[in-house]
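# Architecture and fold: a report
Spelled out from the first residue to the last, the chains are:
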Amino acid sequence: MNRKLLWNNICLLSRFEEEYINTLGIQELDVDYFGMGRETGLVDYFKNEANPWDIVVSTNTDVFQDKSLLHIRKETLLSLVDEDFLPKLNHPNLYSEPKFLPFIVIPLVIVINTGKTHLRPKSLEELCSKEYCGQVTFGGIHNSAGRSLIKIIWSLYGKSSAKALLDNSVVGSMPAASFKKVMDGEVPIAVVPTIFAARSGLNDVITVNPIEGAVAIPSFIAINKECPKEEYAIFFEKIAKNKEFHKILWERGKIISPYIEESHIQLCYPEKSFLDSLDDCEFYEFLKKRDSTTF
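Rules of the game
- Residues numbered from 1 in each chain as written.
- Predicted model: local features only at pLDDT ≥ 70, side-chain atom pairs only at ≥ 80, totals over all residues.
- Heavy atoms only, no water.
- Axes fitted to C-alpha atoms, helices over the stretch in contact; angles between N-to-C directions.
- Helix = DSSP H or I, 4+ residues; strand = E, 2+ residues; numbered from the N terminus.
- Parallel < 35°, antiparallel > 145°, perpendicular 65-115°, else oblique.
- Left-handed = near helix turned anticlockwise from the far one by under 90°.
- Contact = heavy atoms within 4.5 Å.
- Buried < 20%, exposed > 50% of the residue type's maximum accessible area, 1.4 Å probe, protein only.
- Core = buried A, V, L, I, M, F, W, Y, C linked by side-chain atoms within 4.5 Å.
- Salt bridge = Lys/Arg side-chain N within 4 Å of Asp/Glu carboxyl O.
- pLDDT = per-residue confidence, 0-100.
- Arc of directions from axis to C-beta.
- Polar contact = N/O pair within 3.5 Å; in protein donor to acceptor, adjacent residues only side chain to side chain.

### Observations concerning the packing of helix α4 (residues 144–157) against helix α5 (residues 159–168)
α5 packs onto α4 with a crossing angle of 140° between their chain directions and a minimal axis gap of 6 Å. The orientation of α4 relative to α5 falls into the category oblique. The two elements α4 and α5 meet at a crossing, and its hand is right-handed. On the side of α4, the interface is formed by Leu149, Ile150, Ile153, Trp154 and Tyr157, while α5 contributes Lys159, Ser161, Ala162, Leu165 and Leu166.

### Notes on α5
Those residues of α5 that sit buried are Ser161, Ala162, Ala164, Leu165, Leu166 and Asn168. The elements touched by buried residues of α5 are β5 (136–139), α4, β6 (169–172) and α11 (280–288).

### Quick look at unusual backbone geometry
Across the junction of Gly139 and Gly140, the peptide omega takes the value -15°, indicating a cis bond. With respect to the helices and strands, Gly140 occurs in the loop between β5 and α4. With a phi close to 50°, Lys254 is a non-glycine residue in the positive phi region. Within the secondary structure, Lys254 is located in the loop between α9 (243–253) and β11 (267–268).

### Topic: the nonpolar core
Counting residues in each nonpolar core, the largest one holds 102 residues, and the members touching the most others are Leu70, Phe103, Ile221 and Phe235. Every residue in contact with Leu70, bar those within four places of it in the chain, is listed here: Phe46, Trp53, Val56, Val63, Phe64, Leu77, Phe100 and Ala222.

### Let's talk about the pattern of salt bridges
Summed over the entire model, instances satisfying the criterion amount to 15 salt bridges. Between Lys74 and Glu97 there is a salt bridge whose closest N-O contact spans 3.0 Å. A residue pair is termed long-range when its members are at least 10 positions apart, and Lys74 in the loop between α3 (61–65) and β4 (101–113) and Glu97 in the loop between α3 and β4 qualify at 23 residues. Residues Glu83 and Lys241 are paired through a salt bridge, measuring 3.8 Å at the closest nitrogen-oxygen approach. Of this pair, Glu83 sits in the loop between α3 and β4 while Lys241 sits in the loop between α8 (229–240) and α9; the two residues are 158 residues apart in sequence, bridging distant segments of the chain. Salt bridges linked by common partners bring Arg15, Glu18 and Arg38 together as one network.

### What to know about the confidence of the model for the protein
Mean pLDDT over the protein stands at 93; residues scoring 70 or higher make up 97%. Between the elements of the protein, mean pLDDT differs from a low of 68, seen in strand β8 (residues 200–203), to a high of 98, seen in β11.

### Observations regarding α11
Each α-helix winds once per 3.6 residues, and so residues spaced three or four apart point in a common direction. Residues Asp280, Phe283, Phe286 and Leu287 constitute the buried set of α11. Buried residues of α11 fall within an arc of 125° about the axis and therefore sit on the same side. Between a side-chain oxygen at the N-terminus of α11 and the backbone nitrogen of Cys281 the separation is 2.9 Å; the capping residue is Asp279.

### Let's talk about the environment of Ile152
Here Ile152 is to be found in helix α4. Expressed as a C-alpha distance, the spacing of Ile152 and Val215, which sit 63 residues apart in the sequence, is 7.3 Å. Excluding residues within four positions of it along the chain, Ile152 makes contact with Leu124, Val215, Cys268, Tyr269 and Pro270.

### Points about the environment of Lys180
By secondary structure assignment, the location of Lys180 is in helix α6 (residues 175–183). On a C-alpha basis, the gap between Lys180 and Ser129 in space is 23 Å, while along the polypeptide they are 51 residues apart. Here Asp184 takes part through its side chain, which lies 2.6 Å from a polar atom of the side chain of Lys180.

### Observations concerning the environment of Glu17
Looking at the secondary structure, you find Glu17 in helix α1 (residues 14–23). Measuring from C-alpha to C-alpha, the distance between Glu17 and Ile248 comes to 9.8 Å, with 231 residues separating the pair along the chain. Setting aside residues no more than four positions away along its own chain, Glu17 makes contact with Trp7, Asn9, Ile10, Tyr33, Phe245 and Leu249.

Laid out in structure tokens, this is it:
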């Protein structure tokens, strides 16, 4: 019986990732793809506990952080503490849960259209001050980019600062939309993935890695205990530890990989104690208040 791999990694590279994995000819794994433009969302898939799966790789942080999803089923998951990549990614908080192993990380940084503002923020905290009202954009509250940004602000500076960031911001539906706002000069500052920030230098746009570190959106790996070692060993050998794959993802997506030293930058990711104590209902209600303001 083939084992089921659920794949929801880098949305902008999703079709490439599918093509690349198909070329590997892994007969032992059936791969289902999720994410933007796909028929089914991974969160909805996991809401039905009867849905089969053996391995999941995803940058959808809700899958791992929402208490009603994999978080509550941790006793059914394999400990991956002995499957660490070498060298490790340079943030211990990413390794605080032994059932979730980082594969790659999408970092969020600050981009500034210097022709449209005198402001030069160096930290995420600055974006929460009144001076930045209407000067910031990010996307969005329904995806991992926006939610990761809000959670790190909340964890570092409190809920009031997270609210201030939302009040200051023109919230986009997706990071691409927010980056376009900065490139067009409509909003001067954005927090976006480095895949967009790599275009800095155009239209007077510069990139700043915030003092706190780039906001980490980890792509975690989780494995069902029922998956035989022979099958998940093939997954690690052919995909997760495939250095050529990591190199291509770095070149095309400017992600952070444990295998690409050049990709390593300072990161920030919430402590496990914060993620464990955060009330999901409170968080979603907090986001809902800004639901109608997105573009």
